[in-house]
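Listed below, chain by chain, are the residues.
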Amino acid sequence: MDRRQIVQRHNPELNKWDPLSPFSVGNGEFAFSADITGLQSFPDQYEVPLGTQSNWGWHYTGGRNRFTDQDVEYQMFETHGRLVGYPMKPGSTAEAYHWLRMNPHRLQLGRVSFRFLLESGEVAEAADVTPISQQLDLWSGVLTSSYAIQGVSVHVTTACHPSNDAIAVRVESGLIAQGRLQVFMRFPAPDMTNTGWAKAVFPDWENDDRHRTELREGSGNEALLERTMDEDKYEVRWAWSAGSLTRTGAHEFTLLPPSEQVELIEFSATFAPESAQIALSFEETMAASKLHWETFWLGGAAIDFSGSSDPRAYELERRVVLSQFLCAMHSGGSLPPQETGLMYNSWFGKSHLEMHWWHGAHFPLWGRENILLKSMDWYSRILPVARELAHSQGYEGARWPKMVDFEGKPCPSPVAPGLIWQQPHPMTLAELCYKAQPTRELLERFRDIVYESADFMVSYVHWDEAKQVFDLGPPLIPAQECHSLAGSKNPPYELEYWKYGLEIAIRWAELLQETPHAKWVQVAGMMATPPQAEGVYLAHELCPDTFTAKNHDHPSMLGALGVLPGTMIDRKVMLNTLLKVKEVWKWGSAWGWDFPMCAMTAARLGEPDLAVDFLLMDAAKNTYLTNGHNYQRPGLSAYLPGNGGLLTAVAMMAAGWEGGSNLNNPGFPQDGSWNVKWDGLKPWL
């Protein structure tokens, strides 16, 4: 397999403005999204912010301890004879409720832009940038942008350093010698400006008094800028080959072209939480980027659809290649990512832990478990937070929250506190890492995560004496979030996942030559049967109108067989359910990961044609843009759980699953229309 050819035939290109598809360069901890100029010169051309974001850059409006979880109102829910509080509604504590939802929020670290001057001296507008030719080379991670201003060509090369949070840029143009090309850096106010649930609500270019930007060092061709916002700070070191720096606004500095007749400028901008001491050259950043991404592509698995006659094969390969790149850049860091990765804020930049599986489960399957391991250690760091959450509700072990900041602290929400399906995620992700690296060291590394997750799970279930089974809820909200906390009981996916997670804990104890907790064994063997009616599985036991009134949002009952092995699932009933979902579901309300989830169910049921149909369904939220991002709706043009889910489904469809058939590519049609070659993929669970 010619891996380089497979990758580079899908290098994304633009020859016009695309308001949905800015290209990004990044390293898993930091990313910079650019417009067609190679910088962030015309952000108003885009539907969403052009972000410069990191995993370390966060801000608390008014200071870190302005409010705590003790300042919000908790609604009490009857829980099998006792009351448990959840912060679902603002109530009489609206200010604290919304502050905790919005804080801390991920920062837009700064805008790095060109300012082009026309011959008249006026500042050029987006319409003056023509013709356009831009390409992102996936093999090297380097962005090249070529265009002209009033007939004078501009060629820009943009790269991100793989181990420093820095971009380096080379600009070649006759505009420099004419004094008509400037580079400026501008910094926005740090506060969130809207309580919207998922809107791209920043940056705020007003409110200059809410922050400070100071020139701390400035000599020769280098400057250190210090940013201060309430109690939070960071620094930017800017180094350049030619030109002079001047302040042009309260929070803006401009690099003016040199007086000598040069037509090339190189510069770098390094962002750091405390001391940005490193001034990187363009050459070393380029070399490091090329080595990093070539190593990435050569080191993991690869798949080639070029021999297929199905006309959809090329598009699937494009999505797969771009999704690998995007997930490594946006979901491959030391924190579970936000849905939009490091592009711009959604849900205030916070991570949704129920999505971490969708962001990262594919990494071990593609031979890149070391990328997932970077964020797995985060669970060990926030284990005290998860313990406190469980104990505050009267449970044992550790309860993993849903919508969290970088320290794992949960926040109030109309949905998040009631979700439970994120609970077995760390166990499953640890299991995938262990299957890829079956060592005692790895078992010991995540032992506490697995064991304490299981302790909560057996504490959370309720024994139904009449039926002699363990129930889930109420109160709970299933993965299909349109159900009420007080009115949901025994959703099929969560039931199956509870059993599967506990079986991981039991297996790990045996591998560590320890005695599994007796309650783990008891609960795993006596979970309630997933509810069904009229030959199909229901959303949950109290939802007879699943396919009439509740046929929207996630069809999550399908995850019980496909995403999971489905040891409690009747395959015939699940096939009926899958076909019913295909027929009646309101796909405009679904989300990007629903399509690969359905494909995985179809594959495990021996329906490969249906698997491909689901994976490539023509639906708005199954759209993959020019830049490879999974589009959802206006304001949410990047949704990485869709990309990650796609990679997990494709790996399963190609390499199969444990206990599955011996067919080659069992999840793809066997009629010759799909000729799928791959190397290095691991089978699914």
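Quick note: structure is the one above.
Undergrad: Tell me about the sheet that holds strand 19 (residues 252–256), residues and numbers included.
TA: Strand order in the open sheet made by the four strands is 9-14-19-18, with antiparallel pairing throughout. In this open sheet, the two strands that pair with only one neighbour each are strand 9 (111–116) and strand 18 (244–249). Each strand of the sheet is rotated relative to its neighbour by a mean of 30°, with strand direction disregarded.

Undergrad: An account of the pattern of salt bridges is requested, with residue identities and associated values reported.
TA: Going through the model one piece at a time under the given rule, you end up with 32 salt bridges. In this structure, the salt-bridge partner of arginine 170 is glutamate 266, at a minimum N-O distance of 2.6 Å. In this pair, arginine 170 sits in strand 13 (residues 166–173) while glutamate 266 sits in strand 20 (residues 264–272), placing the two residues 96 residues apart along the sequence. Residue arginine 170 is classed as partly exposed on the basis of its relative accessible area of 23%. With a relative accessible area of 14%, glutamate 266 lands in the buried category. Glutamate 217 serves as the salt-bridge partner of arginine 237, at 3.3 Å between the closest nitrogen and oxygen. On the criterion of sequence distance, the pair formed by arginine 237 in strand 17 (residues 232–240) and glutamate 217 in strand 15 (residues 212–219) is long-range, its members being 20 residues apart. Note on glutamate 217: relative accessible area 37%, which makes it partly exposed.

Undergrad: Outline the pairing of strand 12 (residues 152–160), supporting the account with residue identities and numerical values.
TA: Extensive coverage of strand 12 is indicated by the burial of seven of its nine residues. Across seven bridges, strand 11 (residues 142–149) lies against strand 12 in antiparallel orientation. Bridged to serine 146 within strand 12 is histidine 155. Between the end of strand 11 and the start of strand 12, which pair antiparallel, lie two residues, with glutamine 150 showing a positive phi angle near 50°. Sheet topology places strand 12 next to strand 13; seven bridges connect them, and they run antiparallel. Along strand 13, the bridge assignment pairs valine 156 with valine 171. Hairpin connection of strand 12 to strand 13: five residues between the antiparallel strands.

Undergrad: I'd love a proper account of the pairing of strand 16 (residues 222–229), names of residues and values included.
TA: Among the eight residues in strand 16, seven count as buried, and that is most of the element. Note that strand 15 and strand 16 share seven bridges and pair antiparallel. Residue pairing across strands places glutamate 217 opposite leucine 224, the latter belonging to strand 16. Where strand 15 folds back onto strand 16 in an antiparallel hairpin, the turn is made up of two residues, including glycine 220, whose phi is positive at roughly 60°. With eight bridges joining them, strand 16 and strand 17 adopt antiparallel strand pairing. Note that in strand 17 the partner of leucine 224 across the bridge is arginine 237. Connecting strand 16 to the next strand, strand 17, in antiparallel fashion are two residues, including aspartate 230 with a positive phi near 55°.

Undergrad: If you had to explain unusual backbone geometry to someone new, which residues and values would you point to?
TA: Of note, the bond from threonine 130 into proline 131 is cis; its omega dihedral lies within 30 degrees of zero at -5°. Within the secondary structure, proline 131 sits in the loop between strand 9 and strand 10 (133–137). A cis amide bond links proline 474 with the next residue in sequence, proline 475, at an omega value of 5°. Relative to the helices and strands, proline 475 resides in the loop between strand 25 (469–471) and helix 13 (492–511). Unlike most non-glycine residues, tryptophan 347 shows phi in positive territory, near 50°. Despite not being glycine, aspartate 553 has its phi angle at roughly 65°, a positive value.

Undergrad: Let's hear about the packing of aromatic side chains: which residues, and what values?
TA: Overall, the coordinates contain 37 aromatic pairs when judged by the stated rule. Put simply, the rings of Trp357, Trp358, Trp421, Tyr493, Tyr497, Trp593 and Trp684 touch in pairs and so form one group of aromatic residues. Taking NZ or CZ as reference, arginine 368 lies 3.9 Å from the ring centre of phenylalanine 296, over its face. Residue placement shows lysine 621 over the ring face of tryptophan 591; its charged tip is 4.3 Å from the ring centre.

Rules behind the numbers
Residues numbered from 1 in each chain as written. Predicted model: local features only at pLDDT ≥ 70, side-chain atom pairs only at ≥ 80, totals over all residues. Heavy atoms only, no water. Pairing = 2+ DSSP bridges. Helix = DSSP H or I, 4+ residues; strand = E, 2+ residues; numbered from the N terminus. Axes fitted to C-alpha atoms, helices over the stretch in contact; angles between N-to-C directions. Salt bridge = Lys/Arg side-chain N within 4 Å of Asp/Glu carboxyl O. Buried < 20%, exposed > 50% of the residue type's maximum accessible area, 1.4 Å probe, protein only. Phe/Tyr/Trp six-rings, centres within 6.5 Å; stacked < 30°, edge-to-face > 60°. Lys NZ or Arg CZ within 6 Å of the ring centre and 35° of its normal.

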